[in-house]
Amino acid sequence: MNDATTGAGHGPARPDGAGDGTRAVRAGLPEPVKHEPTLPGPVFAAHFHLPGDPTGPYTYGRDENPTWTLLERAIVELEAPGREDAEALVFASGMAAISSVLFSQLRAGDAVVLPDDGYQALPLVRAQLETFGIEVRTAPTGGDAQLEVLDGAKLLWIETPSNPGLDVCDVRRLAEAAHAQGALVAVDNTLATPLGQRPLELGADFSVASGTKQLTGHGDVLLGCVTGRDADAMAAVRRWRKIVGAIPGPMEAWLAHRSIATLHLRVDRQNATALALARALRERPEVTGLRYPGLPDDPSHRTASQQMRRYGCVVSFTLPSRARAERFLDALRLVDDATSFGGVRSTAERRGRWGGDAVPEGFVRFSVGAEDPEDLVADVLRALADSDV
Ligand SMILES: Cc1ncc(COP(=O)(O)O)c(C=O)c1O
């Protein structure tokens, strides 16, 4: 196995201070090897040849895989550029990544702070943590209310911007307060992506994400990742991945790495269109509760502008009733009625249909894709008009 696949090389030159696009297209690539592809193909292996003492890097396929290594390196380069102490681990899904951090760091008797308005599977995680004797406290994302319940906590879990409400909290301020009393800080960075926000630079110990969303961006891969800067904490996360075996397939990992090369293009396009859509929706009388952190008058904007470099591709708003929201979704021609977000094809859904989020019946979470902005905005405005019967 050569350096290209073992990941032992340091990859092609990445100029210091290079822009996001320049870094994204090269992220994680190995040193060029004559007659080898730029991005080596997926390595399908349950086990590796291993005569003698069982030393790494590659022994058994649940522990390590060369395709993961390259993807993990790409994620570190985007999440924590220039940080020698950072490492990343990839998982089978965002939930696998989230659970691996929580369950590897917390013990019976510990207290953890979770958002009460975060991703809708968190209440399931909460119930599981409680059965293990872990005290779970919750706080809303906006307004840094976590500070009120931080006392004595072992871990602070932040989701900013929150899904689906798009509230934002001040990561730097919360991380300082948490660290002052010895608590670790994890940030769910799914919605922002590493091009929108770098939690480790803001003081977090872990940046955790569902790579299923905009990071991979095509709606065809489930993936999770954890990036961290504390070697002991990351060793515990790695151990948890080995124990539960929540590992990505090599094909998924390779697809994800390939997709990261276009991350900056997708993010810039989708996020610019999200702002255009938010501006258009702001003019509509039937739209209330419009949220987009990139809108200058959004309640999240001030904090978001201090810690985010891009504001995401999700816009949320409320239509007058469940029936109106359903007619609107039905009338859209360029937008799939589907859950998830971040893909190149726009999706939207009436979030209340799941029953897990505290949102009005007419609440719509809209994920802006890579369509031409004027086509998408026109489709939305037409669907709003057509659904007004
Ligand atoms: C903010 C956030 N975190 C985590 C997840 C879970 O990710 P996955 O579906 O990849 O397990 C999601 C999924 O929607 C999410 O929106």
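Everything discussed here concerns the structure shown above.
Report follows, based on the coordinates. What you are looking at is a predicted structure, and each value in this text was computed from that prediction instead of being measured.

## Some words on helix α11 (residues 322–331)
Consideration 1: Within α11, burial applies to R324, A325, F328, L329 and A331. Taken end-on, α11 shows its buried residues confined to a sector of 165°, consistent with a single buried face.
Consideration 2: Buried-residue contacts for α11 involve β9 (314–318), β10 (336–337), β11 (347–350), β12 (363–367) and α12 (373–386).

## With respect to the site of the ligand
Consideration 1: Around the ligand lies a shell of 14 residues, among which N163, D188, S210, T212 and K213 are the nearest.
Consideration 2: Residue composition of the shell around the ligand, by class: five nonpolar, six polar and three charged.

## Quick notes on helix α8 (residues 250–260)
Consideration 1: For α8, the complete set of buried residues consists of P250, A253, W254, A256, H257, S259 and I260.
Consideration 2: Buried-residue contacts for α8 involve α2 (20–26), α3 (66–79) and α9 (263–282).

## Focus: the packing of α9 against α12
Consideration 1: Packing of α9 against α12 leaves a shortest axis separation of 10 Å and a crossing angle of 35°. Crossing of α9 over α12 shows right-handed handedness. Between α9 and α12, the residues in contact are R269, T273, A276, L277, A280 and L281 and P373, L376, V377, V380, L381 and L384, respectively.
Consideration 2: Its residues placed into classes, the contact of α9 with α12 shows 10 nonpolar, one polar and one charged.

## A closer look at the sheet that holds strand β6 (residues 206–210)
Consideration 1: Spatially, β1-β7-β6-β5-β4-β2-β3 is the arrangement adopted by the seven strands of the open sheet, whose pairing is mixed. This sheet does not close on itself; its edge strands, each paired only once, are β1 (87–91) and β3 (135–139). Neighbour to neighbour, the strand axes of the sheet diverge by 20° on average, direction disregarded.
Consideration 2: The pairing of strand β5 (residues 184–188) with β6 spans three bridges and is classified as parallel. Within the sheet, the bridge partner assigned to V187 lies in β6 and is S207.
Consideration 3: Its contacts with the sheet place α3 against β1, β6 and β7 (224–228), and it is angled at close to 125° to β1.
Consideration 4: Contacts between helix α5 (residues 122–131) and the sheet are confined to β2 (111–115), β3 and β4 (155–159), with β2 contributing the most and set at about 170° to the helix.

What counts and how
- Residues numbered from 1 in each chain as written.
- Predicted model: local features only at pLDDT ≥ 70, side-chain atom pairs only at ≥ 80, totals over all residues.
- Heavy atoms only, no water.
- Buried < 20%, exposed > 50% of the residue type's maximum accessible area, 1.4 Å probe, protein only.
- Helix = DSSP H or I, 4+ residues; strand = E, 2+ residues; numbered from the N terminus.
- Arc of directions from axis to C-beta.
- Contact = heavy atoms within 4.5 Å.
- Near = heavy atom within 4 Å.
- Nonpolar A, V, L, I, M, F, W, Y, C, P; charged D, E, K, R; others polar.
- Axes fitted to C-alpha atoms, helices over the stretch in contact; angles between N-to-C directions.
- Left-handed = near helix turned anticlockwise from the far one by under 90°.
- Pairing = 2+ DSSP bridges.

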